[in-house]
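These are the residues of each chain, in order.
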Amino acid sequence: MVGESDVVDRIRLAPDAGLVKSLGANHTLESAIADIVDNCVDADASDVAVRLLTDHDRLVQIEVIDNGRGMNDKAATAAMTIGHQREYVETDLGHFGMGLKAASFAHCDVLTVWSKTANGAPVGRRIRRADFSKDFSCEVLATDRAAAAAAERAKIVGSESGTSVIWSDLRNTYRGKNAAEAREWLATAEQSLRSHLGLVFHRLIEEGRLSI
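These remarks concern the structure in this document. Just so it is clear, the model here is predicted, and its values are computed rather than measured. (Residues numbered from 1 in each chain as written. Predicted model: local features only at pLDDT ≥ 70, side-chain atom pairs only at ≥ 80, totals over all residues. Heavy atoms only, no water.)

Another point: the pairing of strand β1 (residues 48-55). Note that β1 and strand β2 (residues 58-66) share 8 bridges and pair antiparallel. Within β2, the position partnered with threonine 54 by the bridge is leucine 59. As consecutive antiparallel partners, β1 and β2 are separated by 2 residues, and within that stretch histidine 56 has a phi angle of approximately 55 degrees, a positive value. (Pairing = 2+ DSSP bridges. Helix = DSSP H or I, 4+ residues; strand = E, 2+ residues; numbered from the N terminus.)

Next comes the structure, spelled out in structure tokens:
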């Protein structure tokens, strides 16, 4: 048996940033977006907009925008931190500080988050997967650009307060050269996403507590 007298040193084992490359490996597009919507529900959102943005019939950006309570500067930084353990309540759907990053990096290489609380300044953070997988670095974005994102959020969900999660530089989407097949792929993906979100959040939707 090893006793306390046998301990000669104590070292700190920081996580290797390379683990980022494996985040979300088992997430489908539907489950990944549902995970982001989970966060919206935890933030007391009643309206969530899921936007699939295209360029020449190709999916190029995904946005999940809510009218929840939003985040201040400190909370936004914590949200982008791997494994950050905030205070959870019993009804919260996530508990391990991995959901946003795992869901996002399963399908994109750039994650941008804009947020604003009811009485606070708008904030913005961006993670580039290539940099994050080297040193966990995160970019702090300009307040005026975060304010513009808040104004855009108000147009979409009726409130500057809330959070916008933006996925760009997408992976695992249709990359073929045939525009008709690209549109068909997108239509199928959209229908599958609608069905999945409707199933996962049916109780909240039926009770009138959530609109997606």
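Next up on the list: the sheet that holds strand β6 (residues 162-170). Adjacent strands of a sheet pair through backbone hydrogen bonds, lying either parallel or antiparallel. A sheet is described by the order of its strands in space; here 6 strands give the open sequence β1-β2-β6-β3-β4-β5, paired in antiparallel fashion. Each edge of the open sheet carries a strand with a single partner, namely β1 and β5 (139-140). Relative to strand β4 (residues 123-128), strand β3 (residues 108-116) runs antiparallel, the two being bridged by 6 bridges. Residue pairing in the sheet places serine 115 in a bridge with valine 123 of β4. With respect to the sheet, helix α1 (residues 29-42) is in contact with β1, β2 and β6, its orientation differing from that of β2 by roughly 20 degrees. Its contacts with the sheet place helix α6 (residues 179-200) against β1 and β2, and it is angled at close to 170 degrees to β1. (Contact = heavy atoms within 4.5 Å. Axes fitted to C-alpha atoms, helices over the stretch in contact; angles between N-to-C directions.)

Quick look at the pairing of β3 now. Burial of β3 is extensive: 8 of the 9 residues sit out of reach of the surface. One ladder, built from 8 bridges, connects β3 with β6; its direction is antiparallel. Residue pairing across strands places valine 113 opposite valine 165, the latter belonging to β6. What sits between the antiparallel neighbours β3 and β4 is a turn of 6 residues. (Buried < 20%, exposed > 50% of the residue type's maximum accessible area, 1.4 Å probe, protein only.)

One finds Ile33, Val37, Leu100, Leu111, Trp167 and Phe201 to be the most contacted residues of the largest nonpolar core, which totals 35 residues. Of all the secondary-structure elements, those providing two or more residues to this core are α1, β2, α2 (73-79), α3 (99-105), β3, β4, β6 and α6. With 8 residues, the top contributor of residues to this core is α1. Discounting residues that sit within four places of it in the chain, leucine 111 has contacts with Met80, Leu100, Ser104, Phe105, Arg125, Arg126, Ile127, Val165, Ile166 and Trp167. (Core = buried A, V, L, I, M, F, W, Y, C linked by side-chain atoms within 4.5 Å.)

The subject of this paragraph is unusual backbone geometry. Located in the positive-phi region is aspartate 57, a residue other than glycine, with phi close to 70 degrees. Relative to the elements of secondary structure, aspartate 57 occurs in the loop between β1 and β2. Its relative accessible area of 28% is what places aspartate 57 among the partly exposed residues. Within the chain, aspartate 169 stands out as a residue other than glycine whose phi angle is a positive 50 degrees.

Shape is all these values report; function is a separate question.
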